Amino acid sequence: MLIDGHGRTVNYLRVSVTERCNFRCQYCMPEKPFSWVPKENLLSFEELFLFIKVAMDEGVTKIRITGGEPLLREDLDTFIRMIHDYNPDVDLALTTNAYLLPKVAQKLKDAGLKRLNISLDSLKPEVAQKIAQKDVLEQVLKGIDKALEVGLGVKINMVPLKGINDGEILDIIAYCREKNIKVRFIEYMENRHAVESLKGMHGREILAKVKEGHTIRTLGREGASPSFNYLLDESYEFGLIDPHKHDFCESCNRIRLTAEGMLIPCLYFDEALSIAKAVKAGNIEEASQVLATVLKDKPKENRWMDESVDSSQEISERAFYETGG
Ligand code: SAM
Ligand code: SF4
């Protein structure tokens, strides 16, 4: 079992397989970065897998593949199959913008993928285009339908932004409810790469919108999930991911691995250690040592919740498209 320096059990590893993306979401990667990480610095699937095996052997039971846009990485199904074949019981999930999903959903399912989180910020083509800076909606909706058709579990992520898609919260709920899938609203997290003028909605503002015409009952946090759950009209469950809330970090069970091999204990802070040298040398002991150090030094909590701190200035330079969100 993996326990961090604050006594929390860590059993969840998020793996970013690429920082590249085919969208330019205003809150994440509004412009193409000045330079991408050179291809030779990216860890191969075999190298990433060596660390993943160490993590699974030591107590990781849940793995999420993310990015950038993970479906841009060629042969992703091979990587998923490697993990699944090593431990078929691992809870193996993927976060994607779904643009490339219609072509690969079946392959991913066959390789052992269980669940997908799909980002859907609007049901209006022009608003989706404004956020992603590309005409994406039709293809994303096809991706969602394909995932459901092949039997993958689907959850939707929406980031409500003031003056952009804040009027669509109930529409997104109606869409998800009709398809019998859960939506989680994610509070916009300030960061140095996003468009400066963006204003996110606070959790309480999101809930106030949902309450217009509906009843909601608080269900509470589901285990160590970052999502706080609510029951709408006593019949439909949705979630709210609110990193600005005080109890958000208490049950944090996750660490993050980037495509270059940086092991990150907390999204908010810069601290990270590289596993690249260890995995390139096939040195399992060294990889395990790096993991132990990162866990020992995992911060107690982020500082998004501290309103006296200007998070956009203090938060790590690393972009969400590098760390995988
Ligand atoms: N490209 C994939 C996607 O968009 O689903 C996976 C990577 S993306 C970085 C992972 C998640 O982070 C997405 O659900 C996205 O909405 C969320 N995200 C990115 N930037 C964010 C921000 N500034 N605030 C809140 N959520 C953000
Ligand atoms: Fe790409 Fe996902 Fe970031 Fe949007 S949120 S730019 S789809 S990585």
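Our structure's up above, just so we're on the same page.
In this report, we go over the structure that sits alongside the text. From a predicted model like this one, the values you see are computed outputs, not experimental measurements.

The rules behind each value
Residues numbered from 1 in each chain as written. Chains lettered and ligands numbered in written order. Predicted model: local features only at pLDDT ≥ 70, side-chain atom pairs only at ≥ 80, totals over all residues. Heavy atoms only, no water. Near = heavy atom within 4 Å. Polar contact = N/O pair within 3.5 Å; in protein donor to acceptor, adjacent residues only side chain to side chain. Areas by Shrake-Rupley, 256 points an atom, 1.4 Å probe, with all protein chains shown as cover. Nonpolar A, V, L, I, M, F, W, Y, C, P; charged D, E, K, R; others polar. Buried < 20%, exposed > 50% of the residue type's maximum accessible area, 1.4 Å probe, protein only. Helix = DSSP H or I, 4+ residues; strand = E, 2+ residues; numbered from the N terminus. Arc of directions from axis to C-beta. Contact = heavy atoms within 4.5 Å. Phe/Tyr/Trp six-rings, centres within 6.5 Å; stacked < 30°, edge-to-face > 60°. Axes fitted to C-alpha atoms, helices over the stretch in contact; angles between N-to-C directions. Parallel < 35°, antiparallel > 145°, perpendicular 65-115°, else oblique. Left-handed = near helix turned anticlockwise from the far one by under 90°.

## Focus: the site of ligand 1
And then number 1: What surrounds ligand 1 is a group of 20 residues, the closest being Tyr 27, Gly 68, Glu 69, Ser 119 and Met 189.
And then number 2: In the environment of ligand 1, a nitrogen atom lies 3.0 Å from a nitrogen or oxygen atom belonging to the backbone of Tyr 27.
And then number 3: Asn 191 is positioned with one of its side-chain polar atoms (N or O) 3.2 Å from a nitrogen atom of ligand 1.
And then number 4: Taking 550 Å² as the accessible area of ligand 1 by itself, protein coverage stands at 95%.
And then number 5: Broken down by class, the residue content of the shell around ligand 1 amounts to 7 nonpolar, 11 polar and 2 charged.

## A word on helix H7 (residues 203–211)
Because the α-helix completes a turn every 3.6 residues, residues three or four places apart line up on one side.
And then number 1: Taken together, the buried positions of H7 are occupied by Gly 203, Ile 206, Leu 207 and Val 210. The buried residues of H7 occupy an angular sector of 95° when the element is viewed end-on, so they sit on one face.
And then number 2: Buried residues along H7 sit against helix H6 (169–179), strand E6 (182–186), strand E7 (216–221), strand E8 (227–232) and strand E9 (236–241).
And then number 3: Where H7 ends, the next residue or the one after it, Gly 213, has phi of about 90°, a positive value.

## Notes on the packing of aromatic side chains
Aromatic ring pairs are reported here in terms of the distance separating the ring centres and the angle at which the planes meet.
And then number 1: By the definition in use, this model includes 6 aromatic pairs.
And then number 2: On the basis of an interplanar angle of 50° and a centroid distance of 5.6 Å, the ring pair of Phe 228 and Tyr 230 is categorised as tilted.
And then number 3: For Tyr 230, a relative accessible area of 7% translates into the label buried.
And then number 4: Through a chain of ring-to-ring contacts, three or more aromatic side chains come together here, namely Phe 185, Phe 228, Tyr 230 and Phe 238.

## A few points about the environment of Ile 186
And then number 1: Relative to the assigned elements, Ile 186 resides in strand E6.
And then number 2: We classify Ile 186 as buried; its relative accessible area is 14%.
And then number 3: Ignoring anything within four residues of it in the chain, the contact list for Ile 186 reads Asn 157, Met 158, Val 159, Pro 160 and Ile 241.

## Remarks on the packing of helix H2 (residues 76–86) against helix H3 (residues 101–111)
And then number 1: Two elements in contact, H2 and H3, have axes separated by 8 Å at closest approach and are oriented at 20°. Comparing their axes, H3 and H2 come out roughly parallel. The hand of the H2/H3 crossing is right-handed. Residue-level inspection shows Leu 76, Asp 77, Ile 80, Arg 81 and His 84 of H2 in contact with H3, the latter providing Lys 107, Leu 108, Asp 110 and Ala 111.

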